[in-house]
Amino acid sequence: MSDASLPALIEALRRLPGVGVKSASRMAFHMLQHDREGALLLAQALQQAATRVRHCAQCNTFTEAEICPTCLDPHRDRTKLCVVETPADQAAVERTAAYRGLYFVLMGKLSPLDGIGPKDIGLARLFARAGDGVVQEAILATNFTAEGEATAHVIGEALKQRGLKVTRLARGVPAGSELEYVDLGTIAHALVERREK
Ligand code: ZN
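Note that this is a predicted model, so its numbers are computed, not measured. (Residues numbered from 1 in each chain as written. Predicted model: local features only at pLDDT ≥ 70, side-chain atom pairs only at ≥ 80, totals over all residues. Heavy atoms only, no water.)

Caption draft 1: Structural view of the sheet that holds strand E5 (residues 137-140). Read from one edge of the open sheet, five strands run E4-E3-E5-E6-E7, paired in mixed fashion. A strand with exactly one partner marks an edge of an open sheet, and here the two such strands are strand E4 (101-105) and strand E7 (195-196). When strand E3 (residues 77-84) meets E5, the two strands line up parallel, connected through four bridges. Note that in E5 the partner of Leu-81 across the bridge is Ala-138. (Pairing = 2+ DSSP bridges. Helix = DSSP H or I, 4+ residues; strand = E, 2+ residues; numbered from the N terminus.)

Written out as structure tokens, the structure is:
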């Protein structure tokens, strides 16, 4: 097994989203030629994150603890649950400082064309979480893309049937956009102006 390390590294890098064999090779050559220290740091960081990071038992976001710091924060309004697609979207809403409730992070969105259904994004867990008897309002903050809208619709109908108030971020967040890339003022405004579904 001589000289297998470099091809193995390139193959491993190709597992990253959007990385083909050309860019994987370029990254591998760069690290080996110019940044061995960075390569070792990356290896350690990957190992640590991959073995330690898991999902919060309450909101499903990434955390190293059983329950994440946000869910444990006693100053949060437990009657509000903001539903987002990804931890990056959650971070975008957090940065506005306009929201003090709790979250549920779907870690994806419904996408029938890609074979992603309710089971794949843990909707049963969301419904159980939202039905704890404390949550009164679900704020649907999925992205304003076709899939995000469809996901919001399915969740909204199910939660309304369970007797919850369901609101959606106001328009103003541009159609087709992902929260992660929307400016803070626009998200804050969309939160304040959210509408009942
Ligand atoms: Zn949590």
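Additional details are given in the paragraphs that follow.
Caption draft 2: Geometry of the pattern of salt bridges. Using the criterion set out here, one finds 10 salt bridges in the structure. In this structure, Arg-100 engages Asp-73 in a salt bridge whose closest nitrogen and oxygen atoms are separated by 3.6 Å. Taken as a pair, Arg-100 in the loop between helix H5 (87-96) and E4 and Asp-73 in the loop between helix H4 (69-72) and E3 lie far apart in primary sequence, 27 residues in all. Looking at Arg-100, the relative accessible area reads 42%, which means it is partly exposed. Between Glu-137 and Arg-194 there is a salt bridge whose closest N-O contact spans 2.6 Å. Residue Glu-137 is found in strand E5, and its partner Arg-194 is found in the loop between helix H8 (184-192) and E7; the two are separated by 57 residues along the sequence. Note on Glu-137: relative accessible area 6%, which makes it buried. Each member of the salt-bridge network shares a partner with another, and the members are Asp-73, Arg-76, Glu-94 and Arg-100. (Salt bridge = Lys/Arg side-chain N within 4 Å of Asp/Glu carboxyl O. Buried < 20%, exposed > 50% of the residue type's maximum accessible area, 1.4 Å probe, protein only.)

Caption draft 3: Expanded view of the coordination of the zinc ion. Protein coordination at the zinc ion: the donors are Cys-56 (SG), Cys-59 (SG), Cys-68 (SG) and Cys-71 (SG), at 2.3 to 2.4 Å from the metal. Taking relative accessible area as the criterion, Cys-56 reaches 0% and is therefore assigned buried. (Donors = N, O, S within 2.8 Å, 3.2 Å for Na, K, Ca; no water.)

Caption draft 4: Structural context of the pairing of E3. Bridging between E3 and E4 involves five bridges; their strand directions are parallel. Opposite Leu-81, over in E4, you have Leu-102 as the bridge partner. Note that the unit made of E3, H5 and E4 has a crossover that is right-handed. (Right-handed = clockwise from strand over helix to strand, strands pointing away.)

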